[in-house]
Structures are given as C-alpha cells and as structure tokens.
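Fold and geometry: a report
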Amino acid sequence: MNIIDIINKKRKGENLTYDEIKFAINGFLSGDILDSQMSSLLMAMFINGMSDEETFDMTDIMLESGDTVDLSSINGIKVDKHSTGGVGDKTSLIVVPLVASCGVKVAKMSGRSLGHTGGTIDKLEAIDGFDVNLKEEDFVKQVNEIGCALISQTSELAPADKKIYALRDLTATVESIPLIASSIMSKKLASGVDKIVIDVKVGEDAFMKNIESAKKLAQLMVKIGKNKGKETVCVLTNMEEPLGNYIGNALEVHEAIEVLNNNGPQDLIDVSITLASLMVSLGKNIDFDDAKKEVIANLENGHAYRKFKEMVEYQHGNIDNIPVSKHVFSCKSSKTGFITEINAYKLGMIERRMNENRFNQDNLIDATVGFILNKKVGDYVLENEELIKVYLNTNDVNVKDILDCFEISDMSVPALPLIYEIIK
Ligand code: URA
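Residues numbered from 1 in each chain as written. Predicted model: local features only at pLDDT ≥ 70, side-chain atom pairs only at ≥ 80, totals over all residues. Heavy atoms only, no water.

This next bit is on unusual backbone geometry. Although it is not a glycine, Asn-262 sits at a positive phi angle of roughly 65 degrees. Checked against the element boundaries, Asn-262 lands in the loop between α11 (249–260) and α12 (266–284). Despite not being glycine, Asn-285 has its phi angle at roughly 55 degrees, a positive value. Tracing the backbone shows Asn-285 in the loop between α12 and α13 (288–300). (Helix = DSSP H or I, 4+ residues; strand = E, 2+ residues; numbered from the N terminus.)

Moving on, we come to the site of the ligand. As a matter of local geometry, the ligand sits amid Thr-84, Tyr-165, Arg-168, Ile-180, Ser-183, Ile-184, Lys-187 and Phe-207. A distance of 2.7 Å separates a nitrogen atom of the ligand from a polar side-chain atom of Ser-183. Considered on its own, the ligand offers 240 Å² of accessible surface; in the complex 96% of this is hidden by protein. Of all the secondary structure elements, the ones that give two or more residues to the shell around the ligand are α8 (159–170) and α9 (177–190). When residues of the shell around the ligand are assigned to their parent elements, the largest contribution, 4 residues, is made by α9. Classifying every residue of the shell around the ligand by side-chain character gives 4 nonpolar, 2 polar and 2 charged. (Near = heavy atom within 4 Å. Polar contact = N/O pair within 3.5 Å; in protein donor to acceptor, adjacent residues only side chain to side chain. Areas by Shrake-Rupley, 256 points an atom, 1.4 Å probe, with all protein chains shown as cover. Nonpolar A, V, L, I, M, F, W, Y, C, P; charged D, E, K, R; others polar.)

Interfaces are often described in size by the accessible area the parts lose on coming together. When cut into domains, the protein gives domain 1 (3–49), domain 2 (78–314) and domain 3 (328–409). Summing both partners gives a buried area of about 1700 Å² for domain 2 against domain 3, and 60% of it is carried by carbon and sulfur. Taken together, domain 2 and domain 3 are joined by 1 salt bridge. Residue Asp-267 is joined to Lys-376 by a salt bridge in which the shortest nitrogen-to-oxygen separation is 2.8 Å. The tally of links from domain 2 across to domain 3 stands at 9 residue pairs in polar contact (both at pLDDT 80 or more). Where the side of domain 2 that touches domain 3 is concerned, the elements lending two or more residues are β6 (246–247) and α11. Per-element tally for the side of domain 2 that touches domain 3: the top contributor is α11, with 3 residues. Class assignment of the residues belonging to the side of domain 2 that touches domain 3 gives a composition of 9 nonpolar, 7 polar and 5 charged. (Domains from an automatic or database assignment. Buried area = accessible area lost by both parts, 1.4 Å probe. Salt bridge = Lys/Arg side-chain N within 4 Å of Asp/Glu carboxyl O.)

Inspection of every chain in the model, using the stated rule, returns 1 aromatic pair. Between Phe-338 and Tyr-380 the ring centres are 5.0 Å apart and the planes differ by 65 degrees, which places this aromatic pair in the edge-to-face class. Taken together, the residues Phe-338 in strand β8 (residues 337–342) and Tyr-380 in strand β10 (residues 380–381) connect sequence positions 42 residues apart. The ring of Phe-28 carries the charged tip of Lys-163 above its face, separated from the ring centre by 4.4 Å. (Phe/Tyr/Trp six-rings, centres within 6.5 Å; stacked < 30°, edge-to-face > 60°. Lys NZ or Arg CZ within 6 Å of the ring centre and 35° of its normal.)

With that out of the way, let us pick up helix α1 (residues 3–11). Along α1, the residues that are buried comprise Ile-3, Ile-6, Ile-7, Lys-9 and Lys-10. Buried residues of α1 fall within an arc of 160 degrees about the axis and therefore sit on the same side. Opposite the packed face of α1, turned more than 90 degrees from it, sit the exposed residues Ile-4 and Arg-11. Buried positions along α1 lie against α2 (18–30), α3 (35–48) and α4 (52–63). Between the side-chain oxygen of the N-cap and the backbone nitrogen of Ile-4 there are 2.7 Å, and the N-cap of α1 in question is Asn-2. (Buried < 20%, exposed > 50% of the residue type's maximum accessible area, 1.4 Å probe, protein only. Arc of directions from axis to C-beta. Contact = heavy atoms within 4.5 Å.)

What follows deals with the sheet that holds β10. The strand order across the open sheet built from 3 strands is β10-β8-β12, with neighbouring strands paired in antiparallel fashion. Looking at strand neighbours, the two that pair on one side only are β10 and β12 (406–409), the edges of this open sheet. Of the strand pairs in this sheet, β8 and β10 are connected by 2 bridges, and their pairing is antiparallel. When the sheet's bridge partners are listed, Gly-337 is paired in β10 with Val-381. (Pairing = 2+ DSSP bridges.)

For side chains bearing opposite charge, pairing can occur when the charged atoms are close. Summed over all chains, the structure comprises 24 salt bridges. Among the salt bridges present, the one from Asp-80 reaches Lys-108, with a minimum N-O distance of 3.5 Å. Within this pair, whereas Asp-80 is found in strand β1 (residues 79–83), its partner Lys-108 is found in strand β2 (residues 106–110), the two being separated by 28 residues in sequence. With respect to burial, Asp-80 and Lys-108 carry one shared label: buried. Connected through salt bridges with shared partners, the residues Asp-80, Lys-108 and Lys-188 form a single ionic network.

Next up, the structure:
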C-alpha cells in the first residue's frame, strides 16, 4: 500500500477502504507518513466528502489508536454529554451534578479550550485545588460512591484524533462534517460510556453555521453511535451569541454555581435543563417530559447544587476559593439602540489572548480574567450605558476591539430560537 495512491484515490473522489484509511492514520501516528501527505489527504476528504462507511471506519481506527476506558465496574447506565464547542458554554458544570442528583451515573471526561471555544477542564482548574487528573480506578470509585466525576481526558484516549485535529487546525480542514463526527465520536466511544447526548452548536460563532449542516452532523453522529450500539441523541442549540452572561474560566464557574442556586440567565438554564433531561431520559429509560420534571425539581430543591459541592470536595477543590481578577473595567456603549449582534467568536479569541498573557512563559493560563455581559442580543442600550465588564490583569485592554464585538442598530432583530431540534 502506498500513501500517494491513497491520496490520489481520494482526490479523484473515490471511496477508501478500511485498510487504506488505517494505513494512512496509523502511518501518520507513527511518523511514517508526513504532515504534508496527511494534510493533502485531509483536504481531499474535506473537499470530496466521505461515505458513511468511510466515516464509521475512520471513527473505529481513531478509537482503536489508543486506550479505551473500562467503566463496567460502575453499576447502571453511564450517560455522557458533549458540546461541539461554544463561547460561555459552562453547561457541563451544571448538567453533570444535576443528572447525578437524579440518580443517573455520569463519568465524564472533558477537554481544554480549543480555538475560540472554552474547555471544561480549564474552568474546573479555576477552582482552587480541584484535581482533574484522577487515576482510572479513583475515577470509577468516585462515580460509584457519589454518582459523578469530571476529569481530564488522557492523551492515551484516541491519540490519532489528537494528532489529526492539530493538523486540521493548521490546514483549514476543521469544518468538515465527517471529520468532526469521527473526531468527536472516537473520543466519546473510547471513554466507555453507554449513551451519549451531544449539544450541536449552530450559528456564526460555531463550527456549524446553519441548521442544515448542523442537522447533517447530528444525524451522522447518531448513526455512528447506533453502529457501535451506543444510543446517541443530539440537540441543536443556538450559538449566535455567547451562552449566559459570563465568559472566562473562573467567571463561568461562578455563573454555573448561580444556576445551580436557582439564579442565572434563562438561556443557560434552558439549555442545561434540556441536556440534563435528555440524559436522565436515556439513563432511566423514561419519557423526556418525566425526566424534565425530575431535573427541574432537583435544580429547585438544591439537590443539584449539593451534588456539585460534593463532587468539588471529593476532587479536593475549595468551592469558596474561585478567584476572579480584582481589576474591572467597564466598556460603555457609544450609541443608543438595540443590540443586534454580539460576536462570540471575537470575544472568545480576546478572552483567550487575555488569559494567556500573564503567565505565557510557562504556558499556564490566567483563569481570573474574562467578561460579564450586561446586555444580550435584543436588549436596548443607552449611549454611555455599560455593555460589558472586563476582568483583566494587564493594562493592554483594547476597548475598541471589545466594543467592535457589538452591533447596535435603530431596529431590533427577531429573537432566534434557543433550542432548534432534537435528533435521535
Ligand atoms: N470538537 C472535536 O472534538 N473535534 C472536532 O473536529 C471539532 C470539534
């Protein structure tokens, strides 16, 4: 077998066999196949698409490239949740303890920030002392004892995806439906769970810019799950603006705690309740509406918050010590009007730069920085009224860059749905 023949075949739009995909992926992982060759193959896959069979094969090969987690010693159905990536998306922090408080086991592995999107592990590390690196046996023990655990995905899990994703990021080949589907599903399947709920973000600030492509991605992931005997449900949610009002690692933990204490913004509450209800419905094999009643009750009666505290304490975190920057700067509107757009992509990138600033020589991030939105799309703002608070530790805040993320107009825009569709 020869990589040049494989690239050529895909470039002509033909379907690759399991053995050809395996040859390319394993060769790239071992270093026998060059970055330039893998880049060409990925671009051919991106442009010519992949059949379902090729996507199933790619998922299997990436899944088999590393370890798989054995959760069989955890009693009951283990349900996982994943997001395709958004700004201000702190739903995992809410949903994991909420679902566990309803009696469904959640053994969740999460990742770090990727591009403009945040990562649950970076958020959890904003809690003083929180240990995201549990050994597999401790992870399993914790889920058996308290019903949930949230840890960092190890590098041994689907390592081929990790290496391929890094190359896709550099070669403009991220936004391909089969490549995203196989990337996400290889990691989810390797993490050993029984059922999977995926939040597919849709909008200008997400990988999927419109409902049609988000739907295709969702349908493909559902098919991959079925093919492996793991029931998968996707929910399409709006990412035309940040989710909730807080952006930044420590700030997002504070907002998640607010929701768990029956406060917080309605969009974040609604998406969290939908995701948690789908997970409880799958975990208990009950109707969505019945699951939703349990979820809302456990949010309101404080069970979910107590489960969050229990999880944080079990993982050595100090819930009373989640510092945010003391330096707060208020950005004011230069005009009066309706907010018609908040560019979450740009805000996410600015936040990313701010949190890399302080400690860049050690590659550590500054979890204390970020934003609190005072206005969301559809709100009316007066000239000189605050649009957004900036939590920062350096002086080089570029107010113009931040204000440029807001579009203000004399006419309001119709509100878009928050939850578009559930795909099973
Ligand atoms: N998230 C992933 O894990 N993989 C992708 O390809 C895109 C988003």
